[in-house]
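What follows is the residue order along each chain.
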Amino acid sequence: MTETGVDALRRVPLFVGLADDDLAAIAQAANEVEVPAGQLLVQPGQAGTGMFFIVEGTAVVETKRDHVELGPGQFFGELALMKPDAIRTARVRAQTPLRCLALDRASFRGLVATHPEVAAALIEVALGRLAENAGIDDD
Ligand code: CMP
């Protein structure tokens, strides 16, 4: 992919510490996704086909309890990829025109298999989100 993909991934806190070659491999595996404001990207109950890293714009996650805004450097769609038969836990909609890098399930599996530190950071974020949705976070 172009340098733009690597530059975008360098701003993702999850990837802090990864070498440029690793970022290039992730960028190579990713697809650019651009959607207009208002478009639904993820629907609750659907099977998870991929996860998204936001490059530009904001998305809103609509959980049963709350609306959470996510912006550049943040990601969504990871939860339904962490188990083979898991389904989407929330609705995600573009709040503004949105540009993302998307990783499909196979690339996600490759990423966590080759980068345990990324897997550990992902688990931490995922647990925080599940706790928040269950009302057991301490915020
Ligand atoms: P997934 O379940 O695959 O699809 C919906 C996504 O919304 C989910 O993955 C998370 O990425 C995201 N999500 C769910 N709950 C929260 C939350 N409380 N805060 C931020 N993002 C969330």
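Just above, that's the structure.
Residues numbered from 1 in each chain as written. Predicted model: local features only at pLDDT ≥ 70, side-chain atom pairs only at ≥ 80, totals over all residues. Heavy atoms only, no water.

A few points about the overall build of the chain
Of the regular secondary structure elements, the chain holds four helices and eight strands. For the chain, the α and β elements follow one another from N to C terminus as α-α-β-β-β-β-β-β-β-β-α-α. Computed over C-alpha atoms, the radius of gyration of the chain comes to 14 Å, within 12% of the 14 Å expected from 2.2 N^0.38 for 139 residues, which places it in the range of a compact globule. The dimensions of the chain, computed from C-alpha atoms along their principal axes, are 40 × 30 × 30 Å. Residues counted as buried form 42% of the 139 residues belonging to the chain. Within the chain, contacts between residues at least 6 apart in sequence are counted, and of these 75% link residues at least 24 apart. Here the chain has roughly 7500 Å² of accessible surface; of this, 53% comes from carbon and sulfur atoms. (Helix = DSSP H or I, 4+ residues; strand = E, 2+ residues; numbered from the N terminus. Rg over C-alpha atoms; globule rule 2.2 N^0.38 Å. Buried < 20%, exposed > 50% of the residue type's maximum accessible area, 1.4 Å probe, protein only. Contact = heavy atoms within 4.5 Å. Areas by Shrake-Rupley, 256 points an atom, 1.4 Å probe, with all protein chains shown as cover.)

Observations concerning the sheet that holds strand E4 (residues 59-62)
Here four strands make up an open sheet; going across it, the order is E2-E7-E4-E5 and the pairing antiparallel. Of all strands in the sheet, those with a lone pairing partner are strand E2 (40-42) and strand E5 (67-70), marking the two edges. Averaged over all adjacent pairs, the angle separating strand axes in this sheet is 30 degrees, with direction ignored. Two strands pair when backbone bridges link them, and E4 and E5 are joined in this way by four bridges, in the antiparallel orientation. Counted as the bridge partner of glutamate 62 is histidine 67 from E5. (Pairing = 2+ DSSP bridges. Axes fitted to C-alpha atoms, helices over the stretch in contact; angles between N-to-C directions.)

Focus: the site of the ligand
Close to the ligand lie 16 residues; Gly77, Glu78, Arg88, Thr89 and Asn133 are nearest. Residue alanine 80 places a main-chain N or O atom 3.0 Å away from an oxygen atom belonging to the ligand. Side-chain polar atom of arginine 129 to an oxygen atom of the ligand: 3.2 Å apart, as the coordinates give it. When the ligand is considered free in solution it has 460 Å² of accessible area, and contact with the protein chains removes 99% of it. Among the elements that make up the shell around the ligand, the one with the highest residue count is helix H4 (residues 116-134) (three residues). (Near = heavy atom within 4 Å. Polar contact = N/O pair within 3.5 Å; in protein donor to acceptor, adjacent residues only side chain to side chain.)

Quick word on the pairing of strand E7 (residues 91-94)
Sheet faces and side chains relate simply in a regular strand, where the side chains alternate between the two faces. Judged by which residues are buried, E7 turns out to be one-sided: Val92 and Ala94 face inward and are buried, whereas Arg91 and Arg93, on the alternate face, are not. Here two bridges tie E2 to E7, and the two strands are oriented antiparallel to one another. Considered in E7, the bridge of valine 42 is made with valine 92. The pairing of E4 with E7 spans four bridges and is antiparallel. Within E7, the residue paired with valine 61 across the bridge is valine 92.

Purely spatial values, then, with no claim about function.
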